[in-house]
Amino acid sequence: QVQLVESGGGLVQPGGSLRLSCAASGGTFGHYNMGWFRQAPGKGRESGSTITWNGGSTSYADSVKGRFTISRDNAKNTVYLQMNNLTPGDTAVYYCAAKFRFTGASSYDYWGQGTQVTVSS
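This write-up is about the structure you can find in this document. Computed from a predicted model, the values in this text were never measured in an experiment.

Under the criterion given, the structure shown has four salt bridges. A salt bridge links Asp 90 to Arg 67; its shortest N-O distance comes to 2.7 Å. In this pair, Asp 90 is assigned in the loop between strand 8 (78-83) and strand 9 (92-100) and Arg 67 in the loop between strand 6 (58-60) and strand 7 (68-73), connecting sequence segments 23 residues apart. Judged by relative accessible area, Asp 90 falls into the buried class, the value being 1%. Given the relative accessible area of 16%, Arg 67 is considered buried. What emerges from the salt-bridge pattern is a single network uniting Arg 38, Glu 46, Arg 67 and Asp 90.

Below, the structure is given as structure tokens:
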């Protein structure tokens, strides 16, 4: 059982920055690819930011590319999402997710509870 706990969300002004953290426990962190995904009120979950088990490859949805950076520290069992130049359109609940790297699964296996990010003046 893998548990993921997000933190770092809050209220920020447009143009501001936040850094989200996701602490993992209950598994071997290096066995999982990780991702950050978001869901705005009344909308489905969007494509997000992903990172491979060793941080060797990252991917980003077009909506956040160039503004968000995903990273991980396997020694600390933590994945981060640095969010810069935030806009009101970034307002959403942000979820951390893990995908076991050895099964070839197309979807993520474990999800955190989410952390709210609100971008408003």
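Here we come to the sheet that holds strand 1 (residues 3-7). Pairing within the open sheet is antiparallel, and its four strands lie in the order 1-3-8-7. In this open sheet, the two strands that pair with only one neighbour each are strand 1 and strand 7. Averaged over all pairs of adjacent strands, the angle between strand axes in this sheet comes to 15°, irrespective of strand direction. As paired strands, strand 1 and strand 3 (residues 18-25) are joined by five bridges and run antiparallel to one another. Each residue of the ladder has a partner; that of Gln 3, found in strand 3, is Ser 25.

Okay, the nonpolar core next. Leu 4, Met 34, Trp 36, Val 79, Leu 81, Met 83 and Tyr 94 are the most contacted members of the largest nonpolar core, which totals 27 residues. Those residues in contact with Leu 4 that sit more than four places away from it in its chain are Cys 22, Ala 23, Ala 24, Met 34, Cys 96, Ala 97, Ala 98, Tyr 110, Trp 111, Gly 112 and Gln 113.

With that settled, consider the environment of Thr 118. The topology assignment puts Thr 118 in strand 11 (residues 115-119). Judged by its relative accessible area of 26%, Thr 118 is partly exposed. Through-space distance from the C-alpha of Thr 118 to that of Gln 1 is 30 Å; in sequence the pair is 117 residues apart. Other than its neighbours up to four places away in sequence, Thr 118 contacts Gly 10, Leu 11, Val 12 and Thr 91. Among the polar contacts made by the side chain of Thr 118, one reaches the side chain of Gln 116 at a distance of 3.4 Å.

Positive phi, close to 55°, is recorded for Asn 77, a residue that is not glycine. Note on placement: Asn 77 falls in the loop between strand 7 and strand 8. Despite not being glycine, Asn 85 has its phi angle at roughly 50°, a positive value. Inspection of the secondary structure puts Asn 85 in the loop between strand 8 and strand 9. Look at Asn 85 and you get partly exposed, because its relative accessible area is 46%.

Following the sequence through the fold, Thr 91 ends up in the loop between strand 8 and strand 9. In this structure the side chain of Thr 91 is engaged in a polar contact, spanning 3.0 Å, whose partner is the backbone oxygen of Pro 88. From its side chain, Thr 91 meets the backbone nitrogen of Val 119 in a polar contact 2.9 Å long. Sequence-distant contacts of Thr 91, defined by excluding residues within four places in its chain, comprise Ala 40, Pro 41, Gln 116, Val 117, Thr 118 and Val 119.

Definitions and limits used
Residues numbered from 1 in each chain as written. Predicted model: local features only at pLDDT ≥ 70, side-chain atom pairs only at ≥ 80, totals over all residues. Heavy atoms only, no water. Salt bridge = Lys/Arg side-chain N within 4 Å of Asp/Glu carboxyl O. Helix = DSSP H or I, 4+ residues; strand = E, 2+ residues; numbered from the N terminus. Buried < 20%, exposed > 50% of the residue type's maximum accessible area, 1.4 Å probe, protein only. Pairing = 2+ DSSP bridges. Axes fitted to C-alpha atoms, helices over the stretch in contact; angles between N-to-C directions. Core = buried A, V, L, I, M, F, W, Y, C linked by side-chain atoms within 4.5 Å. Contact = heavy atoms within 4.5 Å. Polar contact = N/O pair within 3.5 Å; in protein donor to acceptor, adjacent residues only side chain to side chain.

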